[in-house]
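# Geometric and topological summary
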Amino acid sequence: MDFAIALDPHIPDPVYQQIYAALRAGILKGRLAPRQRLPSTRALAQSLGVSRATVTQSYDQLLSEGYLQTVTGSGTYVCDQLPDDLLRSPPLTAILAGPIPAVPLSAYGRRLEQIDPGPSPEPAVPLSFRYGRPALDRFPLELWRQLLSRHCRRTEWLDYATNPLGYGPLREAIAAYLAQARAVHCHPDQILITNGTQQALSLATRLLLSPGVRVALEEPSYLSARRVLASQGATLCPIPVDAAGMDVTALAATPGPIRLVYVTPSHQFPTGAVLSLPRRLALLAWAEQTGSLIFEDDYDSEYRYGGRPIPALQGLGDGQSVLYVGTFSKVLFPSLRVGYMVLPPALVPVFSRAKWLADRQGPTLEQAVLADFITEGHLERHIRRMRGIYDRRRQALVAALAEHWSDRATLLGENAGLHVMVRFATDIADEDLIAKAAEVGVGLISASPQYLGHSPGHEFIFSYTELEEDAIAMALERLAALNLI
């Protein structure tokens, strides 16, 4: 060859990659001419002091990218049909040195740029009250493995799904489960399987909302849902929440038409309030009168301690005004990524098409396993078992709060769900309290980001799902020892 290849053992790039880069640069800069013969892999390996396999790997990559060609019985040559623009391209260093032009974004992309990406990742602490994860160590993993193995011996799940609504037996199982547990009235063909609540809300916003359309939501409300609504350019109208849930009177008094209402009636996030029956009926009546739609996020209604779950909004009405959404992330495990929407019949065709365009289908194998998990009674037994575990952990949290801050901690919400919201009587800023708690190994989550408007501060979300009772007591003892509250 007309130029030498210098290998540098001090840089992280593999040797074959250095050889590849040197040969490619030589071709692009013209130092290796078209149809020029290269040394054999054996000869180049000997001259560089590397293995022949290393040089072969470099040659193979250049061959696959069209820089080299082989002639049987003759050797390896530089291709004679390289694109002219590549031959005339400036060195890569010159390209990187210049200004990189901005990629033009759509209106949707520009809105995403303006949306707050959220707080930094939570610090890794041993005693965290972080929200969103169930007690994964209590999941019946061996049972799930057996059901998974049963379906892995079959082949039908290997093919494309034929129905964009989702796996038929799973939709039938969910319909039966919802009728019994949540008094939801629906046919399996009204159920759309989604990749969790976020995808369900994303589909709804894209199909039902145009930029500038008014959307009502609870104040405070679920931050991730608010971001999805804002990404569509909707005008957000916060509606206050009190001990009885969303103030429907304030909703009705909001000026201008409301296209959609996002609500968590069974266990309001983050306050924990349960929407009272009179307000549920009033909300349904308002939606019917105004032609608005209700997005009912029923994210953890399975867990109510001291009574049966309150019937869903969807089951109280005629089902025409409510998009009912649930997920198995909190009940089973987050990585399952299976949720569902119960749609008004008139919306099924368009949502089905949108889901088909979005991702064709969810994983059939997991849906098949979940269908068996439900129909064979394992889901009901698991929920019943976990309800007892979470109830004891909630009681431990409430008792510890009362022990250390009987007159300085107010618990909000009802005896339900997977978290409580606590308002502390303190002058310490949320950020300072979180930092001090992290120093003693306790992770606190401020409720302030959940407010669209002004946050009163000093409110925290305590999830009790991941911590044993003794760990909960230890965490609050450490927090009390700081004497900040």
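Heads up: these notes are all about the structure in this document. (Residues numbered from 1 in each chain as written. Predicted model: local features only at pLDDT ≥ 70, side-chain atom pairs only at ≥ 80, totals over all residues. Heavy atoms only, no water.)

## Looking at the packing of aromatic side chains
One pair of aromatic rings is described through two measures. These are the centre distance and the angle between the planes. Within the structure shown, the criterion is met by 15 aromatic pairs. Plain terms: the ring middles of Tyr-222 and Phe-269 are 5.4 Å apart, the flat faces sit at 80° to each other, and that makes the pair edge-to-face. Placement of the pair is Tyr-222 in the loop between β6 (214-219) and α10 (223-231) and Phe-269 in the loop between β9 (260-263) and α12 (277-290), with a sequence separation of 47 residues. By relative accessible area, which is 26% here, Tyr-222 ends up partly exposed. The class for Phe-269 is buried, based on a relative accessible area of 5%. Among the aromatic side chains, those forming a connected cluster through ring pairs are Phe-129, Trp-405, Phe-424, Phe-460 and Phe-462. (Phe/Tyr/Trp six-rings, centres within 6.5 Å; stacked < 30°, edge-to-face > 60°. Helix = DSSP H or I, 4+ residues; strand = E, 2+ residues; numbered from the N terminus. Buried < 20%, exposed > 50% of the residue type's maximum accessible area, 1.4 Å probe, protein only.)

## Some words on helix α18 (residues 469-481)
The end-to-end C-alpha distance of α18, which contains 13 residues, comes to 19 Å, matching closely the 18 Å that a straight helix rising 1.5 Å per residue would cover. The set of residues buried in α18 consists of Ala-471, Ile-472, Ala-475, Leu-476, Leu-479 and Ala-480. Just beyond α18, the residue with positive phi is Asn-483, at close to 55°. (Expected span 1.5 Å × (residues − 1).)

## Looking at the nonpolar core
Buried together is how nonpolar side chains tend to be arranged in soluble globular proteins. In this structure, Phe-129, Phe-328, Leu-332, Leu-370 and Phe-462 are the most contacted members of the largest nonpolar core, which totals 80 residues. Per-element tally for this core: the top contributor is helix α16 (residues 378-405), with nine residues. Excluding anything up to four places from it in sequence, Phe-328 contacts Ile-174, Phe-333, Leu-336, Val-338, Tyr-340, Leu-370, Ile-374 and Leu-379. (Core = buried A, V, L, I, M, F, W, Y, C linked by side-chain atoms within 4.5 Å. Contact = heavy atoms within 4.5 Å.)

## Focus on the sheet that holds strand β13 (residues 409-412)
The strand order β13-β14-β17-β16 describes an open sheet built from four strands, whose pairing is antiparallel. Each edge of the sheet is formed by a strand with only one pairing partner; in this case those strands are β13 and β16 (445-446). Where strand β14 (residues 419-424) and strand β17 (residues 459-463) come together, five bridges link them in antiparallel fashion. What sits directly across from Met-421, in β17, is Ile-461. Where α16 meets the sheet, it contacts β13, β14 and β17, and its direction lies at approximately 10° from that of β14. (Pairing = 2+ DSSP bridges. Axes fitted to C-alpha atoms, helices over the stretch in contact; angles between N-to-C directions.)

## Observations regarding the packing of helix α15 (residues 364-375) against α16
Packing of α15 against α16 brings their axes to within 4 Å, and their N-to-C directions diverge by 70°. What the angle tells us is that α15 and α16 run roughly perpendicular. Where α15 approaches α16, its residues Asp-372, Phe-373 and Ile-374 are matched on the opposing element by His-378, Leu-379 and His-382. Of the residues that constitute the contact of α15 with α16, the class distribution is three nonpolar, two polar and one charged. (Parallel < 35°, antiparallel > 145°, perpendicular 65-115°, else oblique. Nonpolar A, V, L, I, M, F, W, Y, C, P; charged D, E, K, R; others polar.)

## Regarding the side chain of Arg-280
Take Arg-280: it is sitting in helix α12. For the buried Arg-280, which has no salt bridge, the nearest side chain bearing the opposite charge is Glu-296, at an N-O separation of 4.7 Å. Excluding anything up to four places from it in sequence, Arg-280 contacts Pro-265, Ser-266, Val-274, Leu-275, Ile-310, Pro-311, Ala-312, Leu-313 and Leu-316. (Lys, Arg positive; Asp, Glu negative; His and termini not counted. Salt bridge = Lys/Arg side-chain N within 4 Å of Asp/Glu carboxyl O.)

## Notes on the pattern of salt bridges
Think of it this way: side chains of opposite charge can pair up when their charged atoms draw near. Within the structure shown, the criterion is met by 16 salt bridges. Between Asp-298 and Arg-182 there is a salt bridge whose closest N-O contact spans 2.7 Å. Of this pair, Asp-298 sits in the loop between β10 (293-297) and α13 (313-316) while Arg-182 sits in the loop between α8 (168-181) and β5 (191-194); the two residues are 116 residues apart in sequence, bridging distant segments of the chain. Salt bridges sharing partners connect three or more residues here, namely Asp-137, Arg-138, Arg-393 and Glu-468.

## With respect to the environment of Tyr-222
Taking the C-alpha atoms as reference points, Tyr-222 and Ala-447, 225 residues apart in sequence, are found 9.8 Å from one another. With residues near it in sequence (within four places) discarded, Tyr-222 still touches Gln-198, Tyr-262, Phe-269 and Gln-450.

## Here we look at α15
A rise of 1.5 Å per residue sets the reference length of α15, with its 12 residues, at 16 Å; its end C-alpha atoms lie 16 Å apart and thus fit the reference within 8%. A large share of α15 lies buried, amounting to 10 of its 12 residues. Along α15, the residues classified as buried are Thr-364, Leu-365, Gln-367, Ala-368, Val-369, Leu-370, Ala-371, Asp-372, Phe-373 and Ile-374. On the buried face of α15, the contacting elements are α7 (141-152), α8, β5 and α16. Where α15 terminates, the next one or two residues include Gly-377, which has phi positive at roughly 90°.

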